[in-house]
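Understanding the architecture of this molecule
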Amino acid sequence: MNGRRIVLGVSGGIAAYKAAALASRLVQRGAEVEVILTEDAQRFVGAATFAALVRRPVHTSLWERVEEIPHIRLAREAEVLAIVPATANTIAQLAAGLAHDLLGNVALATRAPLMIAPAMNTVMLEHAATQANLATLRARGVTIVEPGVGFLAEREHGPGRLADEEQLIEAIESLLRRAQDLAGERVLITAGPTREAIDPVRFLSNAATGTQGIELAREALARGAEVDLVLGPTPLEPPPGARTIRVTSAREMEAAVRERAADATVTIATAAVADWRPAVAHARKVKKTESQPAIALEPNPDILAELGTRKNGTFLIGFAAETEALEANAREKLVRKNCDAIVVNDVSGERAFGAVDNALVLLWGAHGRRDLGSGSKRELAARLWDAILDLKRQRA
Ligand code: CTP
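Residues numbered from 1 in each chain as written. Predicted model: local features only at pLDDT ≥ 70, side-chain atom pairs only at ≥ 80, totals over all residues. Heavy atoms only, no water.

So, the packing of helix α1 (residues 16-28) against helix α9 (residues 165-178)
The interhelical angle for the contact between α1 and α9, taken along N-to-C directions, is 50°, at an axis separation of 11 Å. One finds that α1 runs oblique with respect to α9. Between α1 and α9 lies a crossing whose hand is right-handed. Residue-level inspection shows A21, L22, R25 and L26 of α1 in contact with α9, the latter providing E165, E166, L168, I169 and I172. Counted by class, the contact of α1 with α9 contains 6 nonpolar, no polar and 3 charged residues. (Axes fitted to C-alpha atoms, helices over the stretch in contact; angles between N-to-C directions. Helix = DSSP H or I, 4+ residues; strand = E, 2+ residues; numbered from the N terminus. Parallel < 35°, antiparallel > 145°, perpendicular 65-115°, else oblique. Left-handed = near helix turned anticlockwise from the far one by under 90°. Contact = heavy atoms within 4.5 Å. Nonpolar A, V, L, I, M, F, W, Y, C, P; charged D, E, K, R; others polar.)

Structure (structure tokens):
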């Protein structure tokens, strides 16, 4: 953490006293720590405690040294903004984008990754409002260090206790490590299913949701890349900051990819493209009273294979959705589609499309293999980017 600049926001909960110990640990590891205390935090721990620990003035108001525009300076200098503890009120403020105090302003004005460590009474934590606010922040790519279960200030045992110091340090370290290591990369990602029309209300499709591709896009943005996301039909929201083109059919996806492929430095094809489409898409809804229709199919373009024929320097990564002979089938696709690497995605059983967790293996060359393990699609997105970067650097 030597010389890395961490802005530590402390909001007004009893766990604020633990933030003082955290600040001290960060300083011992060489970090430069700027502390922002909300007004309520100061009721629990005084600014002098933090100032002595971090050896610099502590920030408590938007209106101190106004001529320095402190919220913009802190926002620009931060490499990570960590809010420990984050109270229900602060979480609501962040989710709503409110800027009525210094911490709210810095959180809005920074491009640094945000980490929050909620700590509060169990009922407040479990309240639908708090849970909805946390979901909003999670969807925006905020790292949430989940509170643990333990003895709370109100002398009850339950969830809501601030995560352990080790977990907080690990989360900050991980954000620092990956901060901006994709800066300068232009990433193109295809995601989601495609829909192939039978008539205006019916289609052929598959159960893909686009989650893994969306998480890869979110992670790439957080690490400083520019991201083009070509997204098939899904109710999921693409990450803000990505240039998203929404498409429906494989042919629309192909056209959008062609438009964006030229200047991509990394292309990842996670989309579950329908291999076939009805040869005829009826202009009007087919009526039940008509004779039983036969649907003749014709093949869709293979978007990834097409990208493989004119790579133009882009690092090309395919996904192989398999239910059997996983790695053998994936290696065959790696060669056939001329990819630099392929991700084996087991879509059998409980890992079927739409599942929350995933398990991935990255393959390249004749024998290259890296098991990325299992976990949430968000965790796997981070691990996959680490692996892609390592491989790309080896090849360079
Ligand atoms: N892909 C594509 N265009 C298609 C089909 C697949 O771009 N028409 C891409 C997917 O996005 C994925 C990779 O090719 O990155 C492999 O997709 P997959 O469905 O596993 O393989 P297919 O080529 O469709 O082969 P099969 O259905 O026989 O497994």
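Focus on the nonpolar core
Residues F50, V84 and M115 are the most contacted members of the largest nonpolar core, which totals 35 residues. Within the residue set of this core, elements represented by two or more residues are β1 (5-10), α1, β2 (32-37), α3 (47-54), β3 (80-86), β4 (114-118) and α9. In contact with M115, not counting residues within four places along its chain, are L81, A82, I83, V84, T143, V145, L168, A171, I172 and L175. Among the nonpolar cores identified, the runner-up in size contains 32 residues, and V343, L360, A387 and L389 belong to it. (Core = buried A, V, L, I, M, F, W, Y, C linked by side-chain atoms within 4.5 Å. Buried < 20%, exposed > 50% of the residue type's maximum accessible area, 1.4 Å probe, protein only.)

Observations concerning the domain arrangement of the chain
One frequently used descriptor of interface size is the decrease in accessible area upon assembly of the parts. If you check the domain split of the chain, you get domain 1 (5-179) and domain 2 (186-395). Distance from the C-alpha centre of domain 1 to the C-alpha centre of domain 2: 37 Å. In this complex, domain 1 contributes 6 residues to the contact, which on the side of domain 2 involves 5 residues. For the pair domain 1 and domain 2, the two sides together bury roughly 500 Å², of which 45% comes from carbon and sulfur. Between the two partners, domain 1 and domain 2, sit 2 residue pairs in polar contact (both at pLDDT 80 or more). Taken together, the residues that form the side of domain 1 that touches domain 2 break down as 2 nonpolar, 1 polar and 3 charged. (Domains from an automatic or database assignment. Buried area = accessible area lost by both parts, 1.4 Å probe. Polar contact = N/O pair within 3.5 Å; in protein donor to acceptor, adjacent residues only side chain to side chain.)

Focus on the side chain of T267
Counting through the fold element by element, T267 comes out in strand β13 (residues 266-269). Assessed through its relative accessible area of 2%, T267 is described here as buried. At a separation of 3.2 Å, a polar atom in the side chain of T267 contacts the side chain of T314. With near-sequence residues (within four places) excluded, T267 lies in contact with L188, L307, T314, F315, L316 and I317.

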